[in-house]
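Here is how the chains run, residue by residue.
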Amino acid sequence: MPAELHSFRRLVLGLQSSAPDPAMRLAVEMAELLDLDLLGLFLEDASLRDLAGIPFAREFRLLGGGWHSLDLDRLVHDLEVAARGMERSFTQAARSLSKRSQFEVMRGRVAEAITSISNTGDIVMIVEPTSAADRVSGQFSWLVEAAFRSAAAVMLVPSRIVRTKGPIVAVAMTGDHPTIAAAAAIAVAAKETLIVIGPGGWDREKPRIAQLAAKTGLTIQHVTAGDLSPDPTVCLKAMGHLQERLVVMTHLPFDGATTSAIASARQVPVLVIEPERLPPGEGASRT
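Computed from a predicted structure; not experimentally measured. (Residues numbered from 1 in each chain as written. Predicted model: local features only at pLDDT ≥ 70, side-chain atom pairs only at ≥ 80, totals over all residues. Heavy atoms only, no water.)

Q: What exactly am I supposed to notice about the overall build of the protein here?
A: Across its full length, the protein holds 10 helices and 12 strands. Put simply, the protein has 287 residues, and 48% of those count as buried. Expressed as a percentage of contacts within the protein between residues at least 6 apart in sequence, the contacts between residues at least 24 apart total 76%. Working note: accessible area of the protein is about 13600 Å², and carbon and sulfur atoms make up 53% of it. (Helix = DSSP H or I, 4+ residues; strand = E, 2+ residues; numbered from the N terminus. Buried < 20%, exposed > 50% of the residue type's maximum accessible area, 1.4 Å probe, protein only. Contact = heavy atoms within 4.5 Å. Areas by Shrake-Rupley, 256 points an atom, 1.4 Å probe, with all protein chains shown as cover.)

See below:
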């Protein structure tokens, strides 16, 4: 049933120097639930090597180390150690996955790497760094921006996930909004309730929701949120009493900043899909 409700084929987990274990487990769980291949992609930004080649570039070493010139050989070694450690963690986490899993190291500009590796059948999962300094770094910002500019859906994962059980929430404008089908696929596979957050005046949409409930066996609830604008406060207010484990939204009218705000405030993953994403077989019936 889940595969009938979505068109995803692969989950790409974007990894940097560190990734919380819960996020790694979430990637494996999502791949298993949606029957997806899993690619662990360790992103080594070429700008780090370029920086080490600048004569006046310096690094500050703790514990009395003071300021030193960037050592390219040491930087390369540290990156290789980090990549090997990440590969071990990824392989361990994915060992029970029934679908194909693969780990790759990609060197280059972050934006170019994400663009070249992703396609319309992918979910690119971006994990928020645990360090506050890393969260505001240019490298993480570039990674998020590149993911949202790519052809793939994007899942933003906060560094701390407060719930791994609970309803799946779809933020939808209409009864046939693509977020509902994607969220329903996850809810069916995870054996969770589906909650649809939408504007008022949904009486005409009830037959569609009832049809989906009958088809999937899901318990579906509707929460009215008024005007669903890009302002995250509207969605956050509607979610106030919910205990959701994951939120599904569309890229438009919501942007990356809105999505990040919701993921950080709710401390649950947020999956952002393109507005035109449809379940397999439905694309030919709509114009």
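Structure's up, so let's keep going.
Q: Is there a simple way to explain unusual backbone geometry in this structure?
A: Among all residues except glycine, the phi angle is most often negative; among peptide bonds, the trans geometry is most common. Of note in the backbone geometry, Lys191 takes a positive phi value of approximately 60 degrees without being a glycine. Along the chain, the position of Lys191 falls in the loop between helix H7 (178–190) and strand E9 (194–198). For Lys191, a relative accessible area of 73% puts it in the exposed group. In this structure, Gln267 is a non-glycine residue whose phi angle is positive, near 55 degrees. As for its placement among the helices and strands, Gln267 is situated in the loop between helix H10 (256–266) and strand E12 (270–273).

Q: In this structure, what is going on with the pattern of salt bridges? I would like to understand it.
A: Side-chain pairing between opposite charges can occur once the charged atoms of the two side chains come close. Inspection of the entire model under this criterion finds 7 salt bridges. With a closest N to O distance of 2.7 Å, Asp122 and Arg10 form a salt bridge. Separated by 112 residues along the polypeptide, Asp122 in strand E6 (residues 122–127) and Arg10 in strand E1 (residues 10–15) bring together distant segments of the chain. By relative accessible area, Asp122 is classed as buried at 1%. With a closest N to O distance of 2.6 Å, Glu29 and Arg245 form a salt bridge. With Glu29 in helix H1 (residues 21–33) and Arg245 in the loop between helix H9 (232–238) and strand E11 (246–250), this residue pair connects regions lying 216 residues apart in the sequence. Here the salt bridges do not stand alone but share partners, grouping Glu29, Glu192 and Arg245 into one network. (Salt bridge = Lys/Arg side-chain N within 4 Å of Asp/Glu carboxyl O.)

Q: Which parts of the structure should I look at to understand the nonpolar core?
A: In a soluble, globular protein the nonpolar side chains are often hidden away together inside. If you look at the biggest cluster of nonpolar residues, it comprises 51 residues, and the most contacted ones within it are Leu11, Met30, Leu38, Ile123, Met125, Met155 and Leu194. With 10 residues, the top contributor of residues to this core is H7. Contact partners of Ile123, with chain neighbours within four places excluded, come to Phe8, Arg10, Leu11, Val12, Leu34, Leu36, Ala153, Met155 and Leu271. Judged by nonpolar contacts, the second largest core, of 38 residues, contains Val124, Leu143, Val171 and Met239. (Core = buried A, V, L, I, M, F, W, Y, C linked by side-chain atoms within 4.5 Å.)

Q: Sorry if this is basic, but what is going on with the environment of Ala27 here?
A: Locating Ala27 in the fold gives a position in helix H1. Separated by 15 residues in the primary sequence, Ala27 and Val12 have C-alpha atoms spaced 8.5 Å apart. Those residues in contact with Ala27 that lie beyond four places of it in its chain are Leu11, Leu13, Leu38 and Met125.

Q: Would you mind showing me how to read the side chain of Arg266 here?
A: Within the secondary structure, Arg266 sits in helix H10. In terms of polar contacts, Arg266 uses its side chain to reach the backbone carbonyl oxygen of Leu242, at 3.0 Å. If we ignore the near neighbours within four places in the chain, the residues touching Arg266 are Val162, Arg163, Leu236, Met239, Gly240, Leu242 and Glu244. (Polar contact = N/O pair within 3.5 Å; in protein donor to acceptor, adjacent residues only side chain to side chain.)

Q: How do you make sense of the confidence of the model for the protein when you look at a structure like this?
A: Model confidence for the protein is summarised by a mean pLDDT of 80, while 77% of its residues fall at 70 or above. Confidence, expressed as mean pLDDT per element, reaches its minimum in the protein at strand E3 (residues 58–61) with 52 and its maximum at strand E8 (residues 168–171) with 95. Note that pLDDT drops below 50 for residues 277–287; the model gives that stretch 20 contacts with residues more than four away or on any other chain. (pLDDT = per-residue confidence, 0-100.)

Q: Explain the environment of Val247 here, please?
A: Relative to the helices and strands, Val247 resides in strand E11. The buried category is assigned to Val247, whose relative accessible area is 0%. Once the C-alpha coordinates of Val247 and Val169 are considered, the two residues, 78 residues apart in sequence, prove to be 4.7 Å apart. If we ignore the near neighbours within four places in the chain, the residues touching Val247 are Val169, Val171, Met239, Val268, Pro269, Val270 and Leu271.

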